[in-house]
Amino acid sequence: MTDTEIKISIRSLYKVFGDDPLPALQYVKGGLSKADLLETHNHVLGLNDINVDVPAGKTTVIMGLSGSGKSTLIRHLNRLIEPTAGEVLVNGDNILDYSEAQLRELRKHTMSMVFQKFALLPHRTVLQNAGLAPSVGGQKERQYADEARKWLDRVGLQGQGEQYPHQMSGGMQQRVGIARALTSNSDIMLMDEAFSALDPLIRTDMQGLLIELQAELQKTVVFITHDLDEALKLADHLVILKDGSVVQQGEPQYILLNPATPYIKDFVSDINRARVLRVRSVMTKAPDATGERAGEIDHDDTLESVIALSEGDTSLSYRVMKDGKLVGVLDMRKLVRALVPVEQSDDPENARLSG
Amino acid sequence: MATYDFIFDGLGLRNWCGSSADDGGMTSMAQLLAQTSGGDVEVSPWETPFPSMDALHDACPSFPQSRELTSGLEQGFLAIKDSLKVVVDPLTQPLSWALNEALWVMQAVPWFVMIPLLMLVAWAVSRQMKLVGLVVICFGFLGFVDYYTYTMQTLAIIFVCAVTCVLLGVPIGIAMSRSDRVQRIMIPILDMLQTLPPFVYLIPLIFLFSVTEPKLYGIAIILYAIVPVVRLTDLGIRLVDPDVIEAADAFGMTKRQKLFNVQIPLALPNIMAGVNQTIMMSLAMVVIASLVSAPGLGVLVLRGIRSLELGVGLLSGLGIVLLAIILDRVTKAALARINVSQSR
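Since the model is a prediction, treat every value here as computed from it, not as a measurement. (Residues numbered from 1 in each chain as written. Chains lettered and ligands numbered in written order. Predicted model: local features only at pLDDT ≥ 70, side-chain atom pairs only at ≥ 80, totals over all residues. Heavy atoms only, no water.)

Concerning the overall build of chain B
- Helix and strand content of chain B: 15 helices and zero strands.
- For a compact globule of 344 residues, the expected C-alpha radius of gyration is about 20 Å, and chain B comes in at 28 Å, more than 25% above that figure.
- Principal-axis analysis of the C-alpha atoms gives chain B an extent of 85 × 60 × 40 Å.
- By the burial criterion, 42% of the 344 residues in chain B qualify as buried.
- Within chain B, counting contacts between residues at least 6 apart in sequence, those at least 24 apart form 75% of the total.
- For chain B, the accessible area works out to roughly 18400 Å², and carbon and sulfur atoms hold 69% of it.
- Once the 21 positive and 25 negative side-chain charges of chain B are each reduced to a mean point, those two points are 19 Å apart. (Helix = DSSP H or I, 4+ residues; strand = E, 2+ residues; numbered from the N terminus. Rg over C-alpha atoms; globule rule 2.2 N^0.38 Å. Buried < 20%, exposed > 50% of the residue type's maximum accessible area, 1.4 Å probe, protein only. Contact = heavy atoms within 4.5 Å. Areas by Shrake-Rupley, 256 points an atom, 1.4 Å probe, with all protein chains shown as cover. Lys, Arg positive; Asp, Glu negative; His and termini not counted. Charge placed at Lys NZ, Arg CZ, Asp CG, Glu CD.)

Here's what the structure looks like:
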């Protein structure tokens, strides 16, 4: 994770909601908890000392339950909400120093956003909705129509540009929302619980669409969700928020195997580990693998697929390949052990640092 | 002795009051009664009068009576009338022109052009043959009973006043929706305009303008009818889905782009409901305005009342109802068309 370029960097970001946030901030910095701040000073702590680096071209998922501050956090990235203290660096610029005009440029060209409730303009056609960003920039419909149509086609809405949003189902409306974000040709896409309002099957579809688009376009995606399965499916980098603070961040596989706190352990305890964990996270690294091997598997395979391959035989072991080269071995016994949720990591500090 | 002597005595104001309370003349009914029944009658505490201006005047002749307050108001208004007129007169002059022109056009165009024109308008706005038919039947009936000219006059007045209401009311409503302070100031004014009996507007207006000027009734109608369009514009813009506003912000819209491309289009159903109400209220006011020389069906209603011509009153009343139905149905059809294209 350290070798990739950092696109957005959030530095000691605080947000306190209330009439007089600055004095309240001092109490927070002095170590007052969210509940105590509400009780004694009647201010709500939204975000508490957030430090997150968002890698370029990857999907960063910010996960937390409702009230954890995840939607507040994503709105700081394009300053829909002003922070109480801290810095947000986008491409190295602190956007908190931006003027109104610079901020509008940022929102038009650098960042686009997809919303939980779609937030399409009901009086405009699907095509006009998809072309919102260029139309805000002053382009006429015929100027942006080709670009907008291209992205509508890409998200699977061929020939539906003349419809109105209310004529479409929720899933299709959110496709328009994604096309709208893509038409702006921005590097960064903010997705605020983009799939939470959709029913499960459609949601799976949309997740597939996003993964496909990501493989093709490599946008910097910041995705908010309260659903751990969704988070693990999409994330290259996972940030877990609780009560406005980051509890743990890092590669999802790592968090799954080394939960830093009991809170996260509880969280990850009831997910389907076989589907989420990859061979590379549980294999034994070995440059040469001599001895009896049942076959070759890729380092990015899920454990579920390996179990299917072995037909449940725990006595086997496999050679693990990466780009045609041998990188390690995987013993089926080790694989089965990895499926049982681990006790809390001995070294939580280490877990957080590696993120 | 008057009941409230003690106040002025207690405050040491007896000298300011001038002579003793008793030689102030017999101004109150109680005193008069006391006089006729001979001698002072002991006033029981049960009949203690409210400490009103008149009662206090009994105790102290220098204290003004309430009729001096009303005449003072009148004098005050008359005093500022001329300077007020210098400002208001030129400002409202275009209204007179517009009303005169509209009245002239509506009457100058012959009926066989005007009725098809109105049918065309009804079609353009509603796209319903049913409504076009209604227009033909109503105007046909009104023309048949020789009320065509009166109807056109009323229609001309409503047209000018409703358009003015929209031109003034929508911007005021937008200003209210964008600033809580403006809203706090405007709401009591709107409440007052809505509850003040319409006749009351007429009185100062008569002082201000000559009765022959059309703007006299124009202003009265506008003041009365502007309230719903202002209120519903404010409400409509405030009710626009905050998620959509957030999306507009997130894609970098300026305030102006947000207003014209998002807020006003999305508030349009509410604004149109306000326009509908405004038209209905100006129609109601047109009858009252005929007291101050507004032409149209109201004049006939008035004639019905003044000379007890029952038939004329009923028929012109029916005419107003028909006009109201047409205007209401046509604007509601327009509203329904907007709603269909936006329903979510």
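Remarks on the UniProt feature "domain: ABC transmembrane type-1" (unreviewed entry) in chain B
- According to UniProt, the feature "domain: ABC transmembrane type-1" (unreviewed entry) maps to residues 151–331 of chain B in the numbering used here.
- Within residues 151–331 of chain B, the helical portion is 86% and the strand portion 0%, while the C-alpha atoms at the span's ends are 18 Å from each other. (UniProt positions renumbered as here; feature names shortened; annotations may be inferred.)

Some thoughts on the UniProt feature "transmembrane region" (unreviewed entry) in chain B
Residue and element names in this part refer to chain B.
- Per the UniProt record, "transmembrane region" (unreviewed entry) is found at residues 102–124, 131–150, 156–177, 189–210, 216–233, 279–302 and 308–327.
- In residues 156–177, the share of helix is 100% and the share of strand is 0%. The end C-alpha atoms are 31 Å apart.
- Overall, residues 279–302 shows 71% helix and 0% strand. The separation of its end C-alpha atoms is 21 Å.

Details of the domain arrangement of chain A
- What the domain assignment lists for chain A is domain 1 (53–250) and domain 2 (273–339).
- Averaged C-alpha coordinates put domain 1 of chain A and domain 2 of chain A at centres separated by 36 Å. (Domains from an automatic or database assignment.)

Some remarks on the nonpolar core
- Counting residues in hydrophobic clusters, the biggest one holds 117 residues, and the most contacted among them are A:Ile8, A:Leu77, B:Phe139, B:Ile157 and B:Tyr217.
- Broken down by element, the residue count for this core peaks at 14 residues, all from helix α13 (residues 255–289) of chain B.
- Within the second largest apolar cluster, 61 residues are counted, among which are A:Ala235, A:Leu238, A:Val247 and A:Leu303. (Core = buried A, V, L, I, M, F, W, Y, C linked by side-chain atoms within 4.5 Å.)

Comments concerning the interface of chain A and chain B
- The interface of chain A with chain B comprises 24 residues on the first partner and 20 residues on the second.
- Both sides of the chain A and chain B interface together cover about 1900 Å² of buried area, and 66% of this is carbon and sulfur.
- Remark: the boundary between chain A and chain B carries two salt bridges.
- A:Arg75 serves as the salt-bridge partner of B:Glu246, at 2.4 Å between the closest nitrogen and oxygen.
- Applying the counting rule to chain A against chain B returns four residue pairs in polar contact (both at pLDDT 80 or more).
- Secondary-structure elements contributing two or more residues to the side of chain A that touches chain B are α4 (100–110), β6 (111–114), α6 (132–136) and α8 (170–183) of chain A.
- Class assignment of the residues belonging to the side of chain A that touches chain B gives a composition of 13 nonpolar, four polar and seven charged. (Buried area = accessible area lost by both parts, 1.4 Å probe. Salt bridge = Lys/Arg side-chain N within 4 Å of Asp/Glu carboxyl O. Polar contact = N/O pair within 3.5 Å; in protein donor to acceptor, adjacent residues only side chain to side chain. Nonpolar A, V, L, I, M, F, W, Y, C, P; charged D, E, K, R; others polar.)

As for the packing of aromatic side chains
- In the structure shown here, the tally under the stated rule is eight aromatic pairs over all chains.
- Both rings, one in B:Tyr4 and one in B:Phe6, keep their centres 6.1 Å apart while their planes meet at 40°; by these two values the pair is tilted.
- Of the residues examined, B:Tyr4 reaches a relative accessible area of 9% and is grouped as buried.
- Of note, A:Lys242 hangs over the ring of A:Tyr263, and the distance from its end group to the ring centre comes to 4.7 Å. (Phe/Tyr/Trp six-rings, centres within 6.5 Å; stacked < 30°, edge-to-face > 60°. Lys NZ or Arg CZ within 6 Å of the ring centre and 35° of its normal.)

Side note on the packing of helix α8 (residues 148–178) of chain B against α13(B)
All names here are of chain B.
- For the pair α8 and α13, the least separation of the axes is 8 Å and the interaxial angle reads 140°. What the angle tells us is that α8 and α13 run oblique. Crossing angle aside, the handedness with which α8 passes α13 is right-handed. Between α8, through Thr154, Ile157, Ile158, Ala162, Cys165, Val166, Val170, Ile174 and Arg178, and α13, the contact on the second element is made entirely by Lys255, Leu259, Gln263, Ile264, Ile271, Val275, Thr278, Ile279, Ser282, Leu283 and Val286. (Axes fitted to C-alpha atoms, helices over the stretch in contact; angles between N-to-C directions. Parallel < 35°, antiparallel > 145°, perpendicular 65-115°, else oblique. Left-handed = near helix turned anticlockwise from the far one by under 90°.)

Section: the pairing of strand β9 (residues 237–242) of chain A
All names here are of chain A.
- Extensive coverage of β9 is indicated by the burial of five of its six residues.
- One ladder, built from four bridges, connects strand β3 (residues 59–63) with β9; its direction is parallel. When the sheet's bridge partners are listed, Val61 is paired in β9 with Leu238.
- Of the strand pairs in this sheet, β9 and strand β10 (residues 245–250) are connected by five bridges, and their pairing is antiparallel. (Pairing = 2+ DSSP bridges.)

Some thoughts on the UniProt feature "domain: ABC transporter" (unreviewed entry) in chain A
- When the UniProt feature table is mapped onto this chain numbering, "domain: ABC transporter" (unreviewed entry) sits at residues 32–268 of chain A.
- Secondary structure content for residues 32–268 of chain A is 43% helix and 22% strand, and the end C-alpha separation is 28 Å.

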